Amino acid sequence: MTSLIDNNIDELIRRVRLRTAVSDMVFITAYPPRELPNPIAKYTVAVENKGVRQSEVFIGDDVGSGVKGCLYEIGLNLRTYAPRHTSASALLRMTSQLFDALQACDTEDALTQISLGAVDYDSTARTYYRDLHAELGWLLCEEGRDE
């Protein structure tokens, strides 16, 4: 099921990337196999799955007998790096647009919580960044055992 969660996250980010307000942003996975480009030329968003929690929930006869579902709670972090020689206020605006795009693209109502962090400096990338934290919840079904 965790691969299905990764697929759902990928699909959500795919929809976000299509939004005009953030279409110039570059989306990468967190901890990429190569180093971040230096200097950073475009707003770069590193997408990180911070963790998955599972709690079993019996769905009951609404879905079908012998079927149970699991509620998956996912922590997602989108770290946005600013291009060199841009202002912190420009980073604030771009991450606000990313926030709006993420909310607009949540077609499954999976977002349970979303927040923006403070602007900080990354000495390795030598640029400013801001984190967008999101909590997602998906109820996924699977067949249960006959007992």
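Quantities reported herein were computed from a predicted structural model and do not represent experimental measurements.

1. Focus on the confidence of the model for the chain
Right, on to step 1. Summing up the model confidence of the chain, the mean pLDDT is 86 and the portion of residues at 70 or higher is 85%.
Right, on to step 2. The weakest mean pLDDT in the chain belongs to strand β2 (residues 44-58) at 85; the strongest belongs to helix α2 (residues 88-104) at 96.

2. Quick notes on the environment of Thr107
Right, on to step 1. Within the element layout of this structure, Thr107 appears in the loop between α2 and β4 (111-122).
Right, on to step 2. The exposure class of Thr107 is exposed, given its relative accessible area of 57%.
Right, on to step 3. Each C-alpha atom of the pair Thr107 and Leu12 lies 8.5 Å from the other, and the pair is 95 residues apart in sequence.

3. Some details on the side chain of Asp122
Right, on to step 1. Inspection of the secondary structure puts Asp122 in strand β4.
Right, on to step 2. Notably, Asp122 is buried but unbridged: the nearest opposite-charge side chain belongs to Arg79, and the N-O separation is 4.8 Å.
Right, on to step 3. Within the structure, Asp122 has its side chain in polar contact with the backbone nitrogen of Ala125 (distance 3.1 Å).

4. Quick word on α2
Right, on to step 1. Helix length check: α2, at 17 residues, gives a terminal C-alpha distance of 24 Å against a target of 24 Å (1.5 Å per residue), a fit within 8%.
Right, on to step 2. Listed as buried for α2 are Leu91, Met94, Thr95, Leu98, Phe99, Ala101 and Leu102. Buried residues in α2, looked at end-on, bunch into an arc of 165°, giving them a common side. Opposite the buried face of α2, at more than 90 degrees from it, the exposed residues are Ser89 and Arg93.

5. Some details on the packing of aromatic side chains
Right, on to step 1. Under the criterion given, the structure shown has two aromatic pairs.
Right, on to step 2. Relative to Tyr129, the ring of Tyr81 lies with its centre 6.0 Å away and its plane at 55°, an arrangement referred to as tilted. Here Tyr81 is found in strand β3 (residues 67-81), whereas its partner Tyr129 is found in strand β5 (residues 127-143), with 48 residues between them in sequence. Exposure class is identical for Tyr81 and Tyr129. Each is buried.
Right, on to step 3. The interplanar angle of 70° and the centroid separation of 5.2 Å between the aromatic rings of Tyr121 and Tyr128 together place this pair among those described as edge-to-face.

6. Brief notes about the pattern of salt bridges
Right, on to step 1. Tallied over the full model, the rule gives five salt bridges.
Right, on to step 2. In this structure, Glu48 engages Lys50 in a salt bridge whose closest nitrogen and oxygen atoms are separated by 4.0 Å.
Right, on to step 3. Note that Arg79 is salt-bridged to Asp131, the shortest N-O span being 2.7 Å. Of this pair, Arg79 sits in strand β3 while Asp131 sits in strand β5, and the two are 52 residues apart along the sequence.
Right, on to step 4. With relative accessibility at 11%, the residue Asp131 sits in the buried group.

Calculation criteria
- Residues numbered from 1 in each chain as written.
- Predicted model: local features only at pLDDT ≥ 70, side-chain atom pairs only at ≥ 80, totals over all residues.
- Heavy atoms only, no water.
- pLDDT = per-residue confidence, 0-100.
- Helix = DSSP H or I, 4+ residues; strand = E, 2+ residues; numbered from the N terminus.
- Buried < 20%, exposed > 50% of the residue type's maximum accessible area, 1.4 Å probe, protein only.
- Lys, Arg positive; Asp, Glu negative; His and termini not counted.
- Salt bridge = Lys/Arg side-chain N within 4 Å of Asp/Glu carboxyl O.
- Polar contact = N/O pair within 3.5 Å; in protein donor to acceptor, adjacent residues only side chain to side chain.
- Expected span 1.5 Å × (residues − 1).
- Arc of directions from axis to C-beta.
- Phe/Tyr/Trp six-rings, centres within 6.5 Å; stacked < 30°, edge-to-face > 60°.

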